[in-house]
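Working through the structure, step by step
Here is what each chain is made of, one letter per residue.
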Amino acid sequence: MTLLETERATVSAPRRGTPPRRGRRSTAGYLFVAGYAVLLVAFGVFPTGYSFYLAFTNDQGQFTGLNQFVKVVQDYRFVPAFTHMLVYLALWLVTLVVLVVLVAVVLRGRVRPGTSALFRFLYYIPGALAGVASVLVWLFMLDPDVSPVSWLLESMGLHTFAAVLSPGNLPLILMLIAFWTGAGGWMVVMYGALNNIPDEVLEAARMDGAGPWRTAWHIQIPMIRQWIVYMTIMAFATGTQLFVEPQLLQTASLGRVSPTWSPNQLAYVYAFQQGDFNGAAAIAVVLLIVGLIAAGLLVARSNLFTLDEK
């Protein structure tokens, strides 16, 4: 055997006493996700399965097929509650996607790095507030008697708190609360996604004569499309769970806001005021199906989980 062949054999031979690293990494990975998996089963999979069980049975545990769904759909409060939710979702999603992407693009391209960091921090501050605290802040802002922008409310013909909380204004009010609370965090996410676009791509666009807005529309936004879809799915899921905000507005308005304004409020009434947990579970399952269909359509149309080929 030549010297070169001896060296190759020595390099290629496995070292004795060295444990395989792949097994360690696999074990570490399983341990890392084990805690999440346990919590997912305990607080996600099991409650969902139990909801399906309640939705297809009665209070005696007897299988009733679709009777629970028929009962809640025929309730006179069902269609208005879902209509309110869909109107709110339309306002919330359009406003969120347009303004969040617009602000992120402006921060990325027209604001200096130090200043953009300050703006991102300021945008994120409202997201640190819990939903209840956000509603209380907005109750103060929307009361013409104490609001610092009472002049703006009165210029819109809203002279009393009751006028502000009229049924026609609720989707807009809830959209403002949701945007103020949640949009800042998504601006930070979109800004990070824009930072992942190679500078060479943007420089090539400028050399081809593309201005800032053409670059944003034809290059930046398409390259962060998957992040935009992800944001839309998460915001849609959050919007279908609307409960705290209309519930507090209903309490603060002394009953002027309907206690069944949203589907989750209607499910709450079924469960804790009427004692009908089966009907409440049926409403929850309907909301789950609506969310899954919407998410499935967005994922299918956007190729959200498709890996980029390199």
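Everything discussed here concerns the structure shown above.
The paragraphs below set out a description of the structure included in this document.

Here is what the cut-offs are and how they apply
- Residues numbered from 1 in each chain as written.
- Predicted model: local features only at pLDDT ≥ 70, side-chain atom pairs only at ≥ 80, totals over all residues.
- Heavy atoms only, no water.
- Helix = DSSP H or I, 4+ residues; strand = E, 2+ residues; numbered from the N terminus.
- Buried < 20%, exposed > 50% of the residue type's maximum accessible area, 1.4 Å probe, protein only.
- Areas by Shrake-Rupley, 256 points an atom, 1.4 Å probe, with all protein chains shown as cover.
- Salt bridge = Lys/Arg side-chain N within 4 Å of Asp/Glu carboxyl O.
- Core = buried A, V, L, I, M, F, W, Y, C linked by side-chain atoms within 4.5 Å.
- Contact = heavy atoms within 4.5 Å.
- Phe/Tyr/Trp six-rings, centres within 6.5 Å; stacked < 30°, edge-to-face > 60°.
- 1 Å grid on protein atoms, 1.4 Å probe; cavity = no way out; pocket = protein on both sides within 12 Å on 5 of 7 lines; lining within 4 Å.
- Points joined across faces, edges and corners; volume = space filled by probe spheres on them.
- Nonpolar A, V, L, I, M, F, W, Y, C, P; charged D, E, K, R; others polar.
- Polar contact = N/O pair within 3.5 Å; in protein donor to acceptor, adjacent residues only side chain to side chain.
- Axes fitted to C-alpha atoms, helices over the stretch in contact; angles between N-to-C directions.
- Parallel < 35°, antiparallel > 145°, perpendicular 65-115°, else oblique.
- Left-handed = near helix turned anticlockwise from the far one by under 90°.
- Patch = residues over 30% accessible without salt bridge, like charges linked within 9 Å, V, L, I, M, F, W, Y side chains within 5 Å.

With that settled, the discussion passes to the overall build of the protein chain. Within the protein chain, the secondary structure is distributed over 15 helices and zero strands. Here the protein chain holds 310 residues, and 35% of them are scored as buried. Carbon and sulfur atoms make up 66% of the accessible area of the protein chain, which amounts to about 19400 Å² in all.

Counted according to the given criterion, the structure contains three salt bridges. Put simply, Glu203 and Arg206 hold a salt bridge, and the shortest N to O gap is 2.7 Å. Of this pair, Glu203 and Arg206 both sit in helix H10 (residues 199-207), separated by three residues, roughly a single helical turn.

Another point: the nonpolar core. Membership of the largest hydrophobic core comes to 64 residues, with the highest contact counts inside it found for Tyr88, Trp92, Leu96, Val100 and Leu249. A total of 13 residues in this core trace back to one element, the largest contributor, which is helix H9 (residues 170-195). Once you skip the residues sitting within four places of it in the chain, Val100 turns out to touch Thr95, Ala183, Trp186, Met187, Met190 and Met231.

Moving on, we get to the packing of aromatic side chains. Summed over the entire model, instances satisfying the criterion amount to 10 aromatic pairs. Considering the side-chain rings of Tyr50 and Tyr53, the 6.0 Å spacing of their centres and the 25° angle between planes classify their relative orientation as stacked. Of this pair, Tyr50 and Tyr53 both sit in helix H2 (residues 21-55), three residues apart, which is roughly one turn of that helix. For Tyr53, a relative accessible area of 43% corresponds to the partly exposed category. With 6.3 Å between their ring centres and 80° between their planes, Trp138 and Trp180 make a pair best called edge-to-face. In this pair, Trp138 is assigned in helix H6 (residues 131-142) and Trp180 in helix H9, connecting sequence segments 42 residues apart. Taking the relative accessible area as the measure of exposure, Trp138 reaches 17% and is therefore buried.

A few words now on the environment of Val229. Locating Val229 in the fold gives a position in helix H12 (residues 225-240). Placed 66 residues apart in sequence, Val229 and Ala295 show a C-alpha to C-alpha distance of 9.1 Å. In this structure Val229 touches Leu298, Ser302 and Leu304, once residues within four positions along its chain are discounted.

The next thing to look at is the layout of surface pockets. Looking at the largest pocket, its volume works out to about 900 Å³. Taken together, 32 residues make up the lining of the largest pocket; nearest its centre are Thr48, Gln241, Ala284, Leu287 and Leu288. Contributing elements (two or more residues each) for the lining of the largest pocket: H2, H12, helix H14 (263-272) and helix H15 (277-302). Residues belonging to the lining of the largest pocket are distributed by class as follows: 25 nonpolar, seven polar and no charged.

Note on placement: Thr232 falls in helix H12. Within the structure, Thr232 has its side chain in polar contact with the backbone oxygen of Ile228 (distance 2.8 Å). Residues in contact with Thr232, not counting those within four places in the same chain, are Leu93, Val97 and Leu298.

Looking now at the packing of H9 against H12. Between two packed helices, what matters for the description is the angle formed by their axes and the separation of those axes. The contact between H9 and H12 brings their axes to 10 Å, and the two run at 160°. As the angle between them shows, H9 and H12 are arranged roughly antiparallel. For H9 against H12, the interelement crossing comes out right-handed. Across from Trp186, Val189, Met190 and Ala193 in H9, the residues of H12 making contact are Trp227, Ile228, Tyr230, Met231 and Met234. Taken together, the residues that form the contact of H9 with H12 break down as nine nonpolar, no polar and no charged.

On the surface, a cluster of nonpolar side chains totalling about 460 Å² of accessible area is made up of Val94, Val98, Leu99, Leu102 and Trp213. Looking at the nonpolar patch element by element, the count peaks at four residues for helix H4 (residues 78-110). The residue Val98 is located in helix H4 in this model.

Let us look at the side chain of Asn278. If you trace the backbone, Asn278 turns up in helix H15. Exposure remark for Asn278: the relative accessible area of 7% places this residue in the buried category. In this structure, Asn278 is in contact with Leu54, Ala55, Thr57, Asn58, Asp59 and Gln68, ignoring residues within four places of it in sequence.

This next bit is on the packing of H10 against helix H11 (residues 212-223). Axis separation between H10 and H11 bottoms out at 11 Å; the angle between their running directions is 160°. By the criterion of interaxial angle, the relationship of H10 to H11 is roughly antiparallel. Remark: the crossing between H10 and H11 carries right-handed chirality. From H10, Val201, Leu202 and Ala205 reach across to H11, where they touch Thr215, Ile219, Gln220 and Met223. The residue inventory of the contact of H10 with H11, partitioned by class, reads five nonpolar, two polar and no charged.

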